[in-house]
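Spelled out from the first residue to the last, the chains are:
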Amino acid sequence: LFLLFGLFVRQLLVVIHAVDSLVLPAARDLCTEYQLNAENTMTAKFWRLFQRCMLVSFEDQLDDRMDMQQSCLGADAPLKRMTLTKMLELARQYSYVFVIF
């Protein structure tokens, strides 16, 4: 029950983040895919291994797009994933939504 509540709160925060930043979650997902293909961390290595088992791979298409590099990588990139600090900031900023929820 608590896990389900946590999932609903997370989805609510994703929607609030999309409305607040005017960026669709699908664009952030593409950015995450690009980051995992561009980085050399352990998580990225596991993702590339998992991706080889999938039938569809977007690695080639994402590498061809230079605007993805400007939008996704870097400290001030507009399409970064939602962090815990951003979640807390949104929860504090839109606290009335959580009261209604």
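Bear in mind that the values here come from a model prediction, so they are computed numbers and not experimental data.

**Student:** Help me out: how do you make sense of the pattern of salt bridges in this one?
**Tutor:** Opposite charge on two side chains permits pairing when their charged atoms draw close. All chains considered together, the criterion is met by one salt bridge. For Glu89, the salt bridge identified is with Lys86, shortest N-O distance 3.5 Å. Residue Glu89 and its partner Lys86 are both found in helix H6 (residues 84-93); the two are separated by three residues, about one turn of the helix.

**Student:** Explanation requested: the side chain of Arg28 in the structure shown.
**Tutor:** Relative to the elements of secondary structure, Arg28 occurs in helix H2 (residues 25-38). Of the side chains bearing the opposite charge, Asp20 lies closest to the buried Arg28, which forms no salt bridge; the N-O distance is 7.7 Å. The residues contacting Arg28, other than those within four sequence positions of it, are His17, Ser21, Val23, Pro78, Leu79, Lys80 and Arg81.

**Student:** Where do I start with the nonpolar core in this structure?
**Tutor:** Nonpolar side chains in soluble globular proteins tend to end up buried together. In this structure, Val9, Leu12, Leu13, Ile16, Met82, Met87, Leu90 and Tyr94 together form the largest nonpolar core, which totals eight residues. When residues of this core are traced back to their parent elements, those giving at least two are helix H1 (2-21) and H6. Among the elements that line this core, the one with the most residues is H1, at four residues. In contact with Met87, not counting residues within four places along its chain, are Arg10, Leu13 and Met82. With five residues, the next largest nonpolar core counts Val23, Tyr34, Cys72 and Leu79 among its residues.

**Student:** Before we go on, may I ask you to explain the packing of aromatic side chains in this structure?
**Tutor:** Aromatic rings in a pair are described by how distant their centres are and how their planes are angled relative to each other. Using the criterion set out here, one finds two aromatic pairs in the structure. Between Trp47 and Phe50, the ring centres sit 5.4 Å apart and the planes meet at 40 degrees, which makes this aromatic pair tilted. Taken together, the positions of Trp47 and Phe50, both in helix H3 (residues 42-52) and three residues apart, correspond to about one turn of that helix. Classification of Trp47 by relative accessible area gives partly exposed; the value is 23%.

**Student:** I'm lost on H2 in this one. Help?
**Tutor:** Given 3.6 residues per turn, any residue in an α-helix points the same way as the ones three and four places further on. Taking 1.5 Å per residue, 14 residues should reach 20 Å; H2 reaches 20 Å between its end C-alpha atoms and fits that length. Every buried residue of H2 is accounted for by Arg28, Cys31, Thr32, Glu33, Tyr34, Gln35, Leu36 and Asn37.

**Student:** Before we go on, may I ask you to explain the packing of H2 against H3 in this structure?
**Tutor:** Axes are the key here: two packed helices are described by the angle between their axes and the distance separating the axes. At a minimum axis separation of 8 Å, H2 and H3 run at an interaxial angle of 105 degrees. The angle between the axes of H2 and H3 places the two elements in the roughly perpendicular class. Here Glu33, Leu36 and Asn37 of H2 come into contact with H3, specifically with Thr43, Ala44, Trp47, Arg48 and Gln51. A per-class count over the contact of H2 with H3 returns three nonpolar, three polar and two charged.

About the thresholds
Residues numbered from 1 in each chain as written. Predicted model: local features only at pLDDT ≥ 70, side-chain atom pairs only at ≥ 80, totals over all residues. Heavy atoms only, no water. Salt bridge = Lys/Arg side-chain N within 4 Å of Asp/Glu carboxyl O. Helix = DSSP H or I, 4+ residues; strand = E, 2+ residues; numbered from the N terminus. Buried < 20%, exposed > 50% of the residue type's maximum accessible area, 1.4 Å probe, protein only. Lys, Arg positive; Asp, Glu negative; His and termini not counted. Contact = heavy atoms within 4.5 Å. Core = buried A, V, L, I, M, F, W, Y, C linked by side-chain atoms within 4.5 Å. Phe/Tyr/Trp six-rings, centres within 6.5 Å; stacked < 30°, edge-to-face > 60°. Expected span 1.5 Å × (residues − 1). Axes fitted to C-alpha atoms, helices over the stretch in contact; angles between N-to-C directions. Parallel < 35°, antiparallel > 145°, perpendicular 65-115°, else oblique. Nonpolar A, V, L, I, M, F, W, Y, C, P; charged D, E, K, R; others polar.

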